[in-house]
Amino acid sequence: MGGTSQVKSVDTKKVVYMLGAIIFGGLLLVSIIDANFYIEEYSLYTLWEFRFFTVIIGTVYYLLTYLYYRYQKKASNEKNHASNLRKIS
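Residues numbered from 1 in each chain as written. Predicted model: local features only at pLDDT ≥ 70, side-chain atom pairs only at ≥ 80, totals over all residues. Heavy atoms only, no water.

(A) Fine view of the overall build of the chain. Counting secondary structure elements, the chain contains three helices and zero strands. Of all 89 residues assigned to the chain, the portion counted as buried reaches 12%. Contacts spanning at least 24 positions in sequence make up 61% of the contacts within the chain whose residues lie at least 6 apart. Of the accessible surface of the chain, which amounts to about 7,900 Å², a share of 66% is contributed by carbon and sulfur atoms. (Helix = DSSP H or I, 4+ residues; strand = E, 2+ residues; numbered from the N terminus. Buried < 20%, exposed > 50% of the residue type's maximum accessible area, 1.4 Å probe, protein only. Contact = heavy atoms within 4.5 Å. Areas by Shrake-Rupley, 256 points an atom, 1.4 Å probe, with all protein chains shown as cover.)

Okay, here's the thing in structure tokens:
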């Protein structure tokens, strides 16, 4: 009843990376588990096309995520640098 509540911050960068791993890893895992279905229903070419597309889109996702957080960190450092310069002046 009288316990203290602590606010926990979540690192969104880790959440975004984990979300990508779950989504794209899951897609690749499903293509491996259901490979017989894809080959019978469509073709081997379609299966490899799906896997290749998933890897390419996953790579683009991680690249954009990396660039976003890199830009965010750079903008934050420039903002801190500018405020430090104002304090010195």
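From this point, things continue past the structure.
(B) Region of interest: the side chain of Thr-54. As for its placement among the helices and strands, Thr-54 is situated in helix α3 (residues 44-88). Setting aside its immediate chain neighbours within four residues, Thr-54 contacts Phe-24, Leu-27 and Leu-28.

(C) Molecular detail of the confidence of the model for the chain. Here the chain averages 87 in pLDDT, and 84% of its residues register 70 or above. Put simply, α3 is where the chain has its lowest mean pLDDT, 86, and helix α1 (residues 12-33) is where it has its highest, 95. (pLDDT = per-residue confidence, 0-100.)

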